[in-house]
Amino acid sequence: MPHVPTLDEYMRRSGAWARCAKEGQPLAGLRGAVVAIDGGHWFHSRYEPADDPFRCQVAGVPGPLVVSLLRDIDGFSEAGIKPFVVFNGLNVPAPLLQPHHHSEKIHNNKYFMAWEAQRKGDNKAAISFLQKNFKYALSQNVLQGLLCLLTKKKVEWIRAPFLALAQLAWITSATPPSATHIWASPECFMFPQTTSIILDINFQNHTYTTLDQSALFHELLVTQEQFTDACLITTYVEQVYPQYPKRRNFGDTLNFVKSTPNIMQALRSRTPESAAVLRTARSMIQHHMIFNYSCVCEPISGNPPANIDGIFGPRLPDQAFFFICMGVISPQVLNNIISATLVETSPLVDSTEYRGMLSDLVDVRANTFSTVCATMNPAFRSRSILWQHYWEDTNPQDLQIRAGPELSSIKLLANDEEIEVELKRQGTTHVDMCFVLSTRAQHSLPGTNQSIPLNSPLPERGPEPFRSTKSYLSSALLHSLISMENISPEGSLTPLGDVLNEVLLKKGGHMFQEQCLIALELLRAGYLTSMPLNYIPPSDTDNTSNHARLSSRVFSLLPAQLEPKPWNQVDHDLAGFHSVVTALWRSLRNLHEIVALTLFLQYQVELPPQAYREFSSQLPFFQQPGTELGIVCKHIMEDTSDNITLESLLATFPAFGTTQQIAQQLNDGWLFWCSVMSIAETLAKNGVLTPQQWTDFEQTNTVLFSKWSSIPGLQAE
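Residues numbered from 1 in each chain as written. Predicted model: local features only at pLDDT ≥ 70, side-chain atom pairs only at ≥ 80, totals over all residues. Heavy atoms only, no water.

Let's shift gears to the overall build of the protein. Across its full length, the protein holds 31 helices and 14 strands. Looking at the protein as a whole, 58% of its 717 residues are labelled buried. By sequence separation, contacts in the protein at least 24 residues apart represent 74% of the contacts at least 6 residues apart. Accessible surface, the protein as shown: approximately 29700 Å² in total, 51% of it carbon and sulfur. (Helix = DSSP H or I, 4+ residues; strand = E, 2+ residues; numbered from the N terminus. Buried < 20%, exposed > 50% of the residue type's maximum accessible area, 1.4 Å probe, protein only. Contact = heavy atoms within 4.5 Å. Areas by Shrake-Rupley, 256 points an atom, 1.4 Å probe, with all protein chains shown as cover.)

Next up, the structure:
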């Protein structure tokens, strides 16, 4: 459910908070308590996009938000409070409840205005434009980074099957309750199980503020049903007031509900569809799906209506909800499947290249959908998924998904013992893409030194379940690499797999596995070049040299390790290139997640609960890098003073923390550049790159080597 527009604004301006909230309660009163927290509400209460708008939009986790969350986590510990954080899961797919988007073309124009302001040096105006677009949204990649932070700090968290507020209401009302308090927004009172919430915790003053449902309803002079209707109408029903068709104001809607004896009849007379929307929304709240103590997804009412599939979509397996709950997979693919829609939203920088990448990824996405549909509800096995482009208002493309065959029973190695032997042979402890490719290229039988031929058959799975993360992960990676055509179905490396395996075995290659695969795909498809992007609408903002453009794009594929400080630097070309990379990165991550889920559905997996979360972080493409290292590289390449030092770089980019940190990351960038050069050389020899494209790489390599060699502390070998 979207954020209820203007609810918080109305409550503050009307003085309702001040009159009915209980402020200044001593935090000591919560010592020993378990506080269930709406994660989205918590994050947004601690984050303002103006603090770090550019970095947030190019996949970096906002530094000020990290600082605020770490301060809160320490505050919980010092106060003796155990936080339990719940995040939204799947979107409710009921057609009548789909969010009403404004034209994506309008949003795209706002991005363009932000870039124009930034190009003219008016960062304040650029921030304002971005802030309006991202007031209530954190990208999936930013959320992934924040979930890693919670895991690292040992803060328990889950994703709800659908709406976090429903799961919170159940947590505190179940027998026995898992938590004694809820920290959430007042929308939580739509669920009658919630009788009191924490509005805010002030760790600095050692106080907290609560709001009781009865006090709020008494202040507003409403019943439970009227409050819920006002929230639902404000959120979902358009044109309740014909004179205000584009503004759903909570205060006006609340007065309308209170003054109308028969709200359904009133809605039906004004806008016939509105009554159906409200009826569906009421049912969605009353019977919202939650995850119970038995790991089964069921309605919070315990009594599902006959039309529940029309609200929440065809029934998904409980194992799929478990994977969402544990954060093993993001909700994106299952959202597309249950809603039968794939809506492309406009990127931060639109270009012909970005739209071309989306078209190129149709087969990958269709393969991802068909892989998991084979193991689910028969309703999913023949599914029309409508692909709606943001640049077209009509005529969505029908992807016509057909469930593919179930994943074959092959696995990488016969058992855990063979996996350990192969890890030892390769001199590693990690099961990753490099391990799988090297294993299929050449590996030894346990207890012998004989190499198995390249065309040796893959072993078949027996009836035994996966009982170790390594065996489960190796099989998931094998099937993903087969889907990406790096390994043939028979187990031999394809020409693409040979290129990837060769570069990963070179110096430093294993450090950049995902990045090397991304670079390979971008080079093959013609997106990693020195040429300017074809911006939509056209823009003359790119005056970069070809050498700086190509090298900075390569460097932008690497993650930067930064201090939790604001990053207020952005580059138009790199943001546009990052949009192209994001589409590819997310699609490949979705493929790996769905292959893992499909194996989980087809074959029994017996791992401890926490192991699934660790498993997710070991799947490739877990978190996409930002553009920070690309910006540093471009700064170096475009400098004409020849006086750059590590100290001057740190002064320009203080978020790196120390000169040692920035030197190490730039040296890693050079190693990665060498890996990409190796891929480009192989593709050029095979005619995939044009002679001019290879010449661009060679000339850029010469300039980059000269720049790196001129800076004390950097190594260019």
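Taken as a whole and judged by the stated rule, the model has 30 aromatic pairs. Here the aromatic rings of Trp567 and Phe656 are separated by 6.1 Å at their centres, their planes lie at 75°, and the arrangement is edge-to-face. Taken together, the residues Trp567 in the loop between helix 25 (546–555) and helix 26 (572–602) and Phe656 in the loop between helix 29 (646–652) and helix 30 (659–685) connect sequence positions 89 residues apart. Since its relative accessible area comes to 3%, Trp567 is described here as buried. Among the aromatic side chains, those forming a connected cluster through ring pairs are Trp42, Phe43, Phe76, Phe87, Trp157, Trp183 and Phe203. (Phe/Tyr/Trp six-rings, centres within 6.5 Å; stacked < 30°, edge-to-face > 60°.)

This part is about the pattern of salt bridges. Scanning the entire structure with this criterion turns up 21 salt bridges. Close ionic contact of Glu9 with Arg13 constitutes a salt bridge, the shortest N to O distance being 3.1 Å. Of the two residues, Glu9 and Arg13 both sit in helix 1 (residues 7–13), 4 residues apart, roughly one turn of that helix. Taking relative accessible area as the criterion, Glu9 reaches 31% and is therefore assigned partly exposed. Relative accessible area serves as the criterion here: at 71%, Arg13 is assigned to the exposed category. Between Glu606 and Arg467 there is a salt bridge, with the nearest N and O atoms lying 3.2 Å from each other. (Salt bridge = Lys/Arg side-chain N within 4 Å of Asp/Glu carboxyl O.)

The next subject is helix 30. With 27 residues, helix 30 extends 39 Å between its outermost C-alpha atoms, agreeing within 8% with the 39 Å of an ideal straight helix rising 1.5 Å per residue. Counting buried positions along helix 30 gives 19 out of 27 residues, so the element sits mostly inside the fold. Just downstream of helix 30, Gly687 is the residue with a positive phi angle, here 80°. (Expected span 1.5 Å × (residues − 1).)

Next up on the list: the environment of Pro378. Note that Pro378 resides in the loop between helix 19 (362–373) and strand 11 (382–383). According to the relative accessible area criterion, Pro378 is exposed, its value standing at 62%. Residues Pro378 and Arg315, spaced 63 residues apart in sequence, show a C-alpha to C-alpha distance of 9.8 Å.

Taken over all residues, the pLDDT of the protein has a mean of 87, while the share at 70 or more is 90%. Segment residues 100–107 is flagged for pLDDT under 50; beyond a separation of four residues in sequence, or across chains, it makes 12 contacts in the model. Within the model, the stretch residues 239–247 combines pLDDT values under 50 with 12 contacts to residues more than four positions away or in other chains. (pLDDT = per-residue confidence, 0-100.)

All right, on to the side chain of Ser438 then. With respect to the helices and strands, Ser438 occurs in helix 21 (residues 433–441). When its relative accessible area of 8% is taken as the criterion, Ser438 is described as buried. A polar atom in the side chain of Ser438 sits 3.4 Å from the side chain of Asn501. With near-sequence residues (within four places) excluded, Ser438 lies in contact with Arg425, Gln426, Asn501 and Leu505. (Polar contact = N/O pair within 3.5 Å; in protein donor to acceptor, adjacent residues only side chain to side chain.)

Bringing the pairing of strand 2 (residues 34–38) into the picture now. Within strand 2, 4 of the 5 residues are buried, which leaves it mostly tucked inside the rest of the structure. As paired elements, strand 2 and strand 3 (residues 82–87) share 5 bridges and run parallel to each other. Within strand 3, the position partnered with Ile37 by the bridge is Val85. Summarising the sheet, strand 2 and strand 5 (residues 181–183) pair through 3 bridges and their orientation is parallel. Bridge assignment links Ile37 to a residue of strand 5, and that residue is Trp183. (Pairing = 2+ DSSP bridges.)

Attention now moves to the environment of Gly657. Counting through the fold element by element, Gly657 comes out in the loop between helix 29 and helix 30. For Gly657, a relative accessible area of 28% translates into the label partly exposed. The sequence separation of Gly657 and Glu563 amounts to 94 residues, and the corresponding C-alpha distance is 5.9 Å.

Our next topic: the sheet that holds strand 10 (residues 341–343). With respect to topology, 3 strands assemble into an open sheet ordered 10-12-13, the strand pairing being mixed. The open sheet has two free edges, formed respectively by strand 10 and strand 13 (397–398), since each of these has just one partner strand. Across 2 bridges, the pairing between strand 12 (residues 386–388) and strand 13 is antiparallel. What sits directly across from Trp387, in strand 13, is Gln397.

With that settled, consider helix 19. Spanning 12 residues, helix 19 covers 16 Å between terminal C-alpha atoms, matching the ideal 16 Å at 1.5 Å per step. Of all 12 residues making up helix 19, 9 are buried, and the element is well covered by its neighbours. Residues of helix 19 that are buried include every one of Val362, Arg365, Ala366, Thr368, Phe369, Ser370, Thr371, Val372 and Cys373, and no others. On the buried face of helix 19, the contacting elements are helix 17 (332–339), strand 10, helix 18 (352–360), strand 12, strand 14 (401–402) and helix 26.

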